[in-house]
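Descriptive structure summary
Residues per chain, in single letters:
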Amino acid sequence: MWRVSQEELYRIAVENYSDSVYRAAAHHCTNPIDAEDVVQDVYEKLLRRKGSFSSEEHLKAWLLRVAINRCHDLSRAASQKDVPLEETMPAPPAADHSVLDAVRALPEQYRNAIYLHYFEGYTAAEIGRLLGAPTNTVLSWLHRGRALLHTMLQEEIEDEMV
Amino acid sequence: MKWFEYQMEVDQLHASDALKARLLAMQPDSQTSRDHSAPAQRGRAIRFPHWRRWAAGAAACAAVAVVGSQVLLGMGPAGAGISTMSMTAGGAASSTAAAYDAAAPEAAAYSLAENGLSARSAAGADSAVAGEKIIYTARLTLETKDYDAARAALEQALAAAGGWMENSSESPYDNRRSLSMTLRVPADSYEAFLAAAGETASVVNRSEQADDVTAQYTDVAGRIANLEGQRDRLRELQAGADTLADLLDIEAQLSDVQYQLESWQGQLDWYDDQIASCTVTVDLREVETYTPTGETFLERLGAAFAEGWQNFVLGLAAVAVALAGLWPVVLLVAAAAVAAALVLRRRRRR
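So, a few notes on the structure that sits alongside this text. Note that the coordinates shown come from a computational prediction; the quantities given were computed from them, not determined experimentally.

Here we come to the packing of helix 5 (residues 147–161) of chain B against helix 6 (residues 190–200) of chain B. Residues and elements named next belong to chain B. Running from N to C, helix 5 and helix 6 cross one another at 170°; their axes reach a closest spacing of 9 Å. Regarding the angle of helix 5 to helix 6, the classification is roughly antiparallel. Here Ala-150, Ala-153, Leu-154, Ala-157, Leu-158 and Ala-161 of helix 5 come into contact with helix 6, specifically with Phe-193, Ala-196, Ala-197 and Thr-200. Taken together, the residues that form the contact of helix 5 with helix 6 break down as 9 nonpolar, 1 polar and no charged.

On to the packing of aromatic side chains. All names here are of chain A. This model, assessed by the stated rule, comprises 7 aromatic pairs over all chains. Arranged with centres 6.1 Å apart and planes meeting at 85°, the rings of Tyr-10 and Tyr-43 form a pair that is edge-to-face. With Tyr-10 in helix 1 (residues 6–28) and Tyr-43 in helix 2 (residues 32–48), this pair connects stretches of sequence that are 33 residues apart. Between the aromatic rings of Phe-53 and Trp-62, the centroid separation amounts to 5.6 Å while the plane-to-plane angle is 70°, which identifies the pairing as edge-to-face.

Turning our attention to a nonpolar patch on the surface. All names here are of chain B. Judged by side-chain polarity, Val-319, Leu-323, Leu-326, Val-329, Val-330 and Val-333 come together as a nonpolar surface patch covering roughly 510 Å² of accessible area. By residue number, the principal contributor to the nonpolar patch is helix 10 (residues 327–349), which donates 3 residues. Assignment of secondary structure puts Val-333 in helix 10.

Inspection of the secondary structure assignment puts Val-103 of chain A in helix 4 (residues 99–105). On a C-alpha basis, the gap between Val-103 of chain A and Tyr-115 of chain A in space is 8.0 Å, while along the polypeptide they are 12 residues apart. Beyond its immediate stretch of four places on either side in the chain, Val-103 of chain A contacts His-27, Arg-111, Ile-114 and Leu-149 of chain A together with Tyr-6 of chain B.

Cut-offs used in this document
- Residues numbered from 1 in each chain as written.
- Chains lettered and ligands numbered in written order.
- Predicted model: local features only at pLDDT ≥ 70, side-chain atom pairs only at ≥ 80, totals over all residues.
- Heavy atoms only, no water.
- Axes fitted to C-alpha atoms, helices over the stretch in contact; angles between N-to-C directions.
- Helix = DSSP H or I, 4+ residues; strand = E, 2+ residues; numbered from the N terminus.
- Parallel < 35°, antiparallel > 145°, perpendicular 65-115°, else oblique.
- Contact = heavy atoms within 4.5 Å.
- Nonpolar A, V, L, I, M, F, W, Y, C, P; charged D, E, K, R; others polar.
- Phe/Tyr/Trp six-rings, centres within 6.5 Å; stacked < 30°, edge-to-face > 60°.
- Patch = residues over 30% accessible without salt bridge, like charges linked within 9 Å, V, L, I, M, F, W, Y side chains within 5 Å.
- Areas by Shrake-Rupley, 256 points an atom, 1.4 Å probe, with all protein chains shown as cover.
- Salt bridge = Lys/Arg side-chain N within 4 Å of Asp/Glu carboxyl O.

Shown next as structure tokens:
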């Protein structure tokens, strides 16, 4: 077990993983202010959490999952309040053909899977455990996400991190 | 385009230092309350699958269904047995009470009414023989857990009563042997034998019947007396016959009378035999649990539960025996199923 005081835990979480949480939020939110709000919410939850973590990896996975859940909640709230751009529909890519923008335009499940796999480096099984989905489902998300990206970017996507 | 472009872009995102400072400044239980609008409903947030709850619920339903069906099955035959027993017990009680009365004219009237025979004058003035003629028949259905002991006790009771066995058939079946015997018991020890037989095992059914054949008996006896008178007279005539023609005539009549006499005598003998030795049919069954003969609801309920369990176990045993009998087929089917499962798994893993 990972024995560390609450304050130490929190400090490590902020210094090491706030960037990861921010990136996860940035994949979802359209502007940085909303992303920062999400990050703050995540860390508030960390402060309120009473349990302990088995390792730093466990802490990171927990932070990411909370961030993804928070984004999901926000999208539901947003869809109920007004009629913005539909988050689940792939929006047309930005003019600079940025891969990041294309990924952000993906549907939520595909986007999460691609980010966690190709940036954070989790395997499909780890992503499945993190998101609460079977491994095969995660693999199908990755597969379909890549297909959508290919369509959107109309370029060959080499999958080097499989 | 490679994935590293994506990674580089993401690398450029990071939490601002101001944000980190804010995060570090946050203390437990002293959050700067922001004006969030909490979502009205929780969306499909990421949760563990609820299959465990579903599986537990399904298992509970299955268990309840199995127990319920066993109770119903167990109550079915038990319920039928109880109703049959109560009906026959009522019928047997009245006929037993009638048959076991002392040899009195009133008893004859009772048994006549019970068995639906034609009424007969209680005085018995037409009777050419003393006393009354009654044929007793009984049928006992017994259940026992200790088959050998019950059977030995029955034979012992029979010997003690001075009776004999007319015929018996026994069938062994797995653990459930059954025996059917037709016994002849002298009329004197009839009651005692029935009581003793009832002690050897659990009585499921006891029915008795008493046929009063006095009227027929006296009829037959009268005919015989009549024929004997004819025979005597014919013999006298035979002695004093003059001509051969008369002699032959008399001889012919004599032989005819003799034939009838023998026939009726045979019938009388049959009556005598039946009256002297009562017929008792005993069916002995070996069981695991007794058919409920208890009076109270709880007794019957408990016995029904036990029988239900027994039925279930026997059913499983029968299935196991049947499968064992078909073991080559079972082996082939199992091998085919394993092969199919392996093939399917390989396809999925592709």
